[in-house]
Amino acid sequence: MSKVIYVKTTDTCNLNCQHCFTSGRNGSKTQWDWEQTQRWVNEFLTQHPDDQVHLELHGGEPFLVSLDTLERFVAPYKDDKRVSLGATTNLVYRLTDRHVAFIKDVLGYRVGTSWDGGIRFENEKQKALWLRNVKQLRDEGVTIKLFVSVTSELVAQPVEDFLSLMGEIQPDEIALERLTSNGNATQHNDIFPDNERQDNWYLSLFKAYKAGNYPFEITTLDIIEERLQANLVKADTNCRNCEQNLVTINADGGLSGCPNAAMTNVYGNVNEEVETYLSSEGRISEIGKELDFHPNCLQCDVFDVCGGDCHRLSWQGNRCGGLKNLLRYLKYGEERNDRIAVVSLD
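A brief look at the structure comes next. All values reported here derive from a predicted model rather than from experimental measurement.

### Some points on the packing of helix H7 (residues 195–211) against helix H14 (residues 324–332)
Packed helix pairs are characterised by how far apart their axes lie and by the angle those axes make with each other.
So, point 1. Where H7 contacts H14, the two axes come as close as 7 Å, and the packing angle between them is 40 degrees. Considering the angle they form, H7 stands oblique to H14. The segment H7 lies against H14, with Glu 196, Asp 199, Asn 200, Tyr 202, Leu 203, Phe 206 and Lys 207 engaging Lys 324, Asn 325, Leu 326, Tyr 329 and Leu 330.
So, point 2. In the contact of H7 with H14, the residues fall into 6 nonpolar, 2 polar and 4 charged.

### Some remarks on the sheet that holds strand S7 (residues 217–218)
So, point 1. Read from one edge of the open sheet, 4 strands run S4-S5-S6-S7, paired in parallel fashion. The strands lining the two open edges of the sheet, one partner per strand, are strand S4 (110–114) and S7.
So, point 2. Note that strand S6 (residues 173–178) and S7 share 2 bridges and pair parallel. When the sheet's bridge partners are listed, Ile 174 is paired in S7 with Ile 218.
So, point 3. Against the sheet, helix H4 (residues 124–139) engages S4 and strand S5 (143–150), with an angle of about 160 degrees to S4.

### Observations concerning the layout of surface pockets
So, point 1. Considered as a void within the structure, the second largest pocket measures approximately 300 Å³ in volume.
So, point 2. The wall of the second largest pocket is formed by 22 residues, among which His 294, Cys 297, Gly 308, Trp 315 and Cys 320 lie closest to the centre.
So, point 3. For the lining of the second largest pocket, the secondary structure elements donating two or more residues are helix H12 (295–299) and helix H13 (303–306).
So, point 4. If one sorts the elements of the lining of the second largest pocket by residue count, H12 sits on top with 3 residues.
So, point 5. Classifying every residue of the lining of the second largest pocket gives 9 nonpolar, 8 polar and 5 charged.

### Describing the pattern of salt bridges
So, point 1. If you walk through the whole model with that rule in mind, you get 18 salt bridges.
So, point 2. Where Arg 82 meets Asp 80, a salt bridge forms, and the shortest distance between an N and an O atom there is 3.4 Å.
So, point 3. Between Arg 120 and Asp 116 there is a salt bridge, and its shortest N-O distance comes to 2.8 Å.
So, point 4. Overlapping salt bridges, with partners in common, bring together Glu 243, Glu 286, Lys 289 and Arg 312 in one network.

### Thoughts on the sheet that holds strand S10 (residues 268–269)
So, point 1. Pairing within the open sheet is mixed, and its 6 strands lie in the order S3-S2-S1-S8-S9-S10. Strands at the two margins of the open sheet, each flanked by one partner only, are strand S3 (83–87) and S10.
So, point 2. In this sheet, strand S8 (residues 246–249) lies alongside strand S1 (residues 2–8) in parallel orientation, the contact comprising 4 bridges. Counted as the bridge partner of Val 7 is Ile 249 from S8.
So, point 3. Running over the sheet, helix H1 (residues 34–47) touches S1, strand S2 (52–58), S3, S8, strand S9 (254–256) and S10 and is turned about 165 degrees from S8.

### Quick word on H14
So, point 1. For H14, the full list of buried residues reads Lys 324, Asn 325, Leu 326, Leu 327 and Arg 328.
So, point 2. Directly after H14, the chain includes Gly 333, whose backbone phi takes a positive value near 100 degrees.

### Focus on the pairing of S8
Looking along a regular strand, one sees side chains alternate from face to face of the sheet.
So, point 1. The side-chain alternation of S8 yields two buried faces, one formed by Leu 246 and Thr 248 and the other by Val 247 and Ile 249.
So, point 2. Note: S8 against S9, 2 bridges, orientation antiparallel. Opposite Thr 248, over in S9, you have Ser 256 as the bridge partner.

### Things to note about the state of the cysteines
So, point 1. This structure, assessed with the given rule, holds 0 disulfides.
So, point 2. No disulfide involves Cys 320; its nearest neighbouring cysteine sulfur is the one of Cys 297, lying 6.2 Å away.

Definitions and limits used
Residues numbered from 1 in each chain as written. Predicted model: local features only at pLDDT ≥ 70, side-chain atom pairs only at ≥ 80, totals over all residues. Heavy atoms only, no water. Axes fitted to C-alpha atoms, helices over the stretch in contact; angles between N-to-C directions. Helix = DSSP H or I, 4+ residues; strand = E, 2+ residues; numbered from the N terminus. Parallel < 35°, antiparallel > 145°, perpendicular 65-115°, else oblique. Contact = heavy atoms within 4.5 Å. Nonpolar A, V, L, I, M, F, W, Y, C, P; charged D, E, K, R; others polar. Pairing = 2+ DSSP bridges. 1 Å grid on protein atoms, 1.4 Å probe; cavity = no way out; pocket = protein on both sides within 12 Å on 5 of 7 lines; lining within 4 Å. Points joined across faces, edges and corners; volume = space filled by probe spheres on them. Salt bridge = Lys/Arg side-chain N within 4 Å of Asp/Glu carboxyl O. Buried < 20%, exposed > 50% of the residue type's maximum accessible area, 1.4 Å probe, protein only. Disulfide = S-S within 2.5 Å.

Encoded structure:
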């Protein structure tokens, strides 16, 4: 099986994005104990000898800590064939030769960063710095994976405008992320899109993306389509088993599952044994929530290919946060979908 461990080097950040689940620069200024974190990860690997494990340096902004500690932390895993390494960074800082070398030599010429229209950059200077850093890394052969938060502002725009902008930025991959009510997002309800409108935006984007010839992959859309075609559906498709397969290590050593809720839903600590976390009451309770479906889910015509979706997505009345119209399009085809999904983007 595959497991993902998000390693937060710090819970604070140099930015203050409206949707940030760690509360941006207002988050805890705690920095990690990399040695204790490494000990816990080593024990986890020992107890899961048959699993592939991805370690994702995360935050806050993971590169706010010294590169010396990052290099010491990852040293045991660079040549471990069971372990892959990654990092998600905002890239709004002076990119040094050491940063670039770390991304190339340790992360394998690959890094994740975010573009979130209207809710990330506080001024044009930050935006320009980010664009410059993205271009530098791209020019040096680094694969850029762009994480895009789907906001009310984004779904109000024509999908063609979004695709055009992505063509200008030139990432290699794009991952679309729906918002959850954590951290800063709880103070900015206006950034959350209407669920039906969001779903229809995804559907319009899917059609335009598949009809075009774009120099990037929108992996979120590709994965949904591919898993549907391969009949790998339900929990394996739409984030309904995160708590079973994800671990988040907060900078203060607290242990959680989903990184979005890791600041509030803490079930253990790296000072304890791995089994203490895995069998904790809080973790078991959260897994139970993933297995407990809303009554409307069980009556939905695409439940068989949706599986309930992420249980942290907010319902709006009787409308879930799932991509029902997109899934109907993939399940039934154009004619059936048009008859069911009657709400348009206009």
